[in-house]
2 protein chains.
Amino acid sequence: MSRESIFIAALRGLARDPAARDLIDDAAVLTVGGTALVLTHDMIVEGVHYLPADPPEDVAWKLVAVNLSDLAAKGARPIGVLLGYALGEDEWNLRFVAGLRDILAHYDVPLLGGDTVAGQMGTPRMLGLTAIGEAPAGGAPSRTGAQIDDICYVTGAIGAAGIGLAVALGERSGPASALAAYRRPVPRLAEGRVLAPHINAMMDVSDGLLIDAMRMAQASGIGLTIDLDAVPLAPACPDDQAGRIAAASAGDDYELLFAAPVDAMLPSFGDVAITAIGRFQAEEGFVLIDRDGPVELPTRLGYEHGA
Amino acid sequence: MSRESIFIAALRGLARDPAARDLIDDAAVLTVGGTALVLTHDMIVEGVHYLPADPPEDVAWKLVAVNLSDLAAKGARPIGVLLGYALGEDEWNLRFVAGLRDILAHYDVPLLGGDTVAGQMGTPRMLGLTAIGEAPAGGAPSRTGAQIDDICYVTGAIGAAGIGLAVALGERSGPASALAAYRRPVPRLAEGRVLAPHINAMMDVSDGLLIDAMRMAQASGIGLTIDLDAVPLAPACPDDQAGRIAAASAGDDYELLFAAPVDAMLPSFGDVAITAIGRFQAEEGFVLIDRDGPVELPTRLGYEHGA
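Conventions and cut-offs
Residues numbered from 1 in each chain as written. Chains lettered and ligands numbered in written order. Predicted model: local features only at pLDDT ≥ 70, side-chain atom pairs only at ≥ 80, totals over all residues. Heavy atoms only, no water. Helix = DSSP H or I, 4+ residues; strand = E, 2+ residues; numbered from the N terminus. Rg over C-alpha atoms; globule rule 2.2 N^0.38 Å. Buried < 20%, exposed > 50% of the residue type's maximum accessible area, 1.4 Å probe, protein only. Contact = heavy atoms within 4.5 Å. Areas by Shrake-Rupley, 256 points an atom, 1.4 Å probe, with all protein chains shown as cover. Lys, Arg positive; Asp, Glu negative; His and termini not counted. Charge placed at Lys NZ, Arg CZ, Asp CG, Glu CD. Salt bridge = Lys/Arg side-chain N within 4 Å of Asp/Glu carboxyl O. Polar contact = N/O pair within 3.5 Å; in protein donor to acceptor, adjacent residues only side chain to side chain. Nonpolar A, V, L, I, M, F, W, Y, C, P; charged D, E, K, R; others polar. UniProt positions renumbered as here; feature names shortened; annotations may be inferred. Pairing = 2+ DSSP bridges. Axes fitted to C-alpha atoms, helices over the stretch in contact; angles between N-to-C directions. Least-squares fit on C-alpha atoms with pLDDT ≥ 70 in both.

Some thoughts on the overall build of chain A
If you tally the helices and strands in chain A, you get 8 helices and 12 strands. In terms of overall dimensions, chain A is globule-like: its C-alpha atoms have a radius of gyration of 19 Å, near the 19 Å expected for 307 residues. When the backbone C-alpha atoms are referred to their principal axes, chain A occupies close to 55 × 50 × 45 Å. Scored against the burial criterion, the 307 residues of chain A give a buried share of 61%. Partitioning the contacts of chain A with sequence separation of at least 6, the portion at a separation of at least 24 is 82%. A total accessible area of about 11500 Å² is found for chain A, and carbon and sulfur atoms account for 52% of it. Considering chain A, the positive charge centre built from 21 side chains and the negative charge centre built from 40 side chains are found 3 Å apart.

So, the interface of chain B and chain A
In many analyses, interface size is given as the accessible surface area lost on bringing the parts together. Counting residues at the interface gives 59 residues for chain B and 59 residues for chain A. Scanning the region where chain B abuts chain A turns up 2 salt bridges. The partner of Arg3 of chain B in a salt bridge is Asp90 of chain A, and the shortest N-O contact between them spans 3.9 Å. If you look at where chain B meets chain A, you find 9 residue pairs in polar contact (both at pLDDT 80 or more). The residue makeup of the side of chain B that touches chain A, split by class, is 36 nonpolar, 15 polar and 8 charged.

Brief notes about the UniProt feature "binding site: Mg(2+) 5" (unreviewed entry) in chain A
Mapped onto this structure's residue numbering, the UniProt feature "binding site: Mg(2+) 5" (unreviewed entry) falls at Asp207 of chain A. When you line up the elements, Asp207 of chain A lands in the loop between β7 (201–204) and α7 (209–220).

Considerations on the pairing of strand β2 (residues 35–45) of chain A
Residues and elements named next belong to chain A. Burial runs high along β2: 10 of the 11 residues are buried. Relative to β2, strand β1 (residues 28–32) runs antiparallel, the two sharing 5 bridges. Note on β2: the bridge partner recorded for Val32 is Thr35. Connecting β1 to the antiparallel partner β2 that follows it, the hairpin turn spans 2 residues, and Gly33 within it adopts a positive phi of roughly 60°.

Let's talk about the UniProt feature "binding site: Mg(2+) 1" (unreviewed entry) in chain A
Here the UniProt-annotated "binding site: Mg(2+) 1" (unreviewed entry) positions come out as Asp42 and Asp115 of chain A. If you trace the backbone, Asp42 of chain A turns up in strand β2. Assessed through its relative accessible area of 4%, Asp42 of chain A is described here as buried. If you trace the backbone, Asp115 of chain A turns up in strand β4 (residues 111–118). Given a relative accessible area of 8%, Asp115 of chain A falls into the buried group. Apart from the residues within four sequence positions on either side, Asp115 of chain A is in contact with Leu83, Gly84 and Tyr85 of chain A together with His41, Asp42 and Met43 of chain B.

Considering the environment of Ala236 of chain A
Residues and elements named next belong to chain A. Considering the arrangement of structural elements, one finds Ala236 in the loop between β8 (223–227) and α8 (241–250). Under the relative-accessibility criterion, Ala236 is labelled partly exposed at 35%. Linking Ala236 and Ile163, residues 73 residues apart in sequence, is a C-alpha distance of 7.5 Å. Ala236 has contacts with Ile163, Arg172 and Pro175, leaving out every residue within four places of it along the chain.

Things to note about the sheet that holds strand β2 (residues 35–45) of chain B
Pairing is mixed in the open sheet, where 5 strands are placed in the order β1-β2-β5-β3-β4 (chain B). Each having just a single partner strand, β1 (28–32) and β4 (111–118) of chain B make up the two edges of the open sheet. Taking the axes of each pair of neighbouring strands and ignoring which way they run, one obtains an average angle of 20° across the sheet. Packing of helix α1 (residues 3–12) of chain A onto the sheet brings it into contact with β3 (77–87) and β4 of chain B, and relative to β3 of chain B it is tilted by some 165°. Running over the sheet, helix α2 (residues 56–73) of chain B touches β2, β3 and β5 (126–134) of chain B and is turned about 145° from β2 of chain B.

Structural notes on the relation of the copies chain B and chain A
Superposition record for chain B on chain A: RMSD 0.0 Å, screw rotation 180°, translation along axis 0.0 Å. What the superposition gives is, in effect, a two-fold axis relating one chain to the other. Of all interface residues in chain B, 100% are interface residues in chain A too; the two copies therefore contact each other through one and the same surface.

Laid out in structure tokens, this is it:
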């Protein structure tokens, strides 16, 4: 087991409350009074989740976006955030606040509080955010609810952020939209709220489409076959098997991945596609296919660090 | 202005929601459905809020305790926590979980979720926690409500953690109770809940009695005179003017500081004293006196970093 798995296995003993969802969902769902709250806390670390040279405005955007994306995956409406911030230089701090202002205004979410500590000079910056949302009336979907014969769907397109990271690293050129996808991901809040009543399980794609899809199947105790050819590729992703595998394991997409019955009447969104990419099955296991038949699973399906 | 003041002043523009309490209170108070929730997020940093050699069990205890103390100051009942954790070595991680288990069981609070990231080798560890509580029926007291002629009170005794820190640093000897006060502070949850309906303003003492009392007066827009001789000293604190000033500016006490009318019928607690230490006044300013008259304010009233 990895260091993280050992730690989380130990923590699970302290998370017996049903609200904790056994620490395997994207967020906790806590009922208070008559209201179900969705609570998530995600951190981002310089050099891991963003690059040292990324503009501080974009780092703030990303910190909030990755947390709102967890709310989106539970169909929740965001109602506030708390910030955990390690102070850096004044200019960086103030540019960070400007980015925070952008995204909080964009999604109409208030900053409620938090804490600041002195940053440690010369060490990678670490930032945390807690986001609080209100669950949809019918309850917050879990990632554990996928059923045998459900179709596996994904919103939008996959792979743009992976291209954007390579562009930011100077490894290749690419469209501005790819860099934006890496630095300013768009949480699918509206889509998550509309989808929630129609689906059996939902999560966001943060570590990579393949690893996250496998996690949904495992959490649901069933198997899943993904058709690589069906994965909706973002512009600039090479449309061959290697390119599709790269896109589907690159991570940072923040699209919604969900399971719905074959006969579900799914809503449609003007500018955001919904694409069927696979099917859940009784036999356990995670299988990849394309037009030519079974595809060997790549050694790396996505990021293992959790995000 | 300090780096932190500049940052927080900029953040205040994003915290216009009344739930944020202008970022000057210990916690946010958010009404959801019919329930008022109290939300706080505090971080602790190795070398700042705890010592590198402190046992990991105690670091976990302290991380939770400082957050529960903020809930106590709002009279709230804790209902869950989210952890933001930077992974270290397996042994440290598992001992941390053991300490977390201790304090969460002690206060019957579930772990709801959170995030882990890879810690950065050789850099000071940084840990965050979000605590969620339910506000008392009459509403959560603020630190801004002190009135002219209110008496300023503090629970328990002051200065033990300051002695404990010096003991932990090997600078002096002292009782085990002092070391425990530094490493395993006791949030005044029961006392906070009982006191809340009777008082005009309340906060916890984290950065130092003097600096925190001054902040309550400033936040309330009035003045305050503290009688140094009245400050309830913990065992082993030298009982002279220098010793009293040291105790009252050492911080990490996690007692409750509150303002109540002269004729308030205050509850009493068997083992936790309530001591009147001063009086709020119309004239702005923070004044220190003792039996001999005015005492010159020390240059340092407590920690400035926020906690």
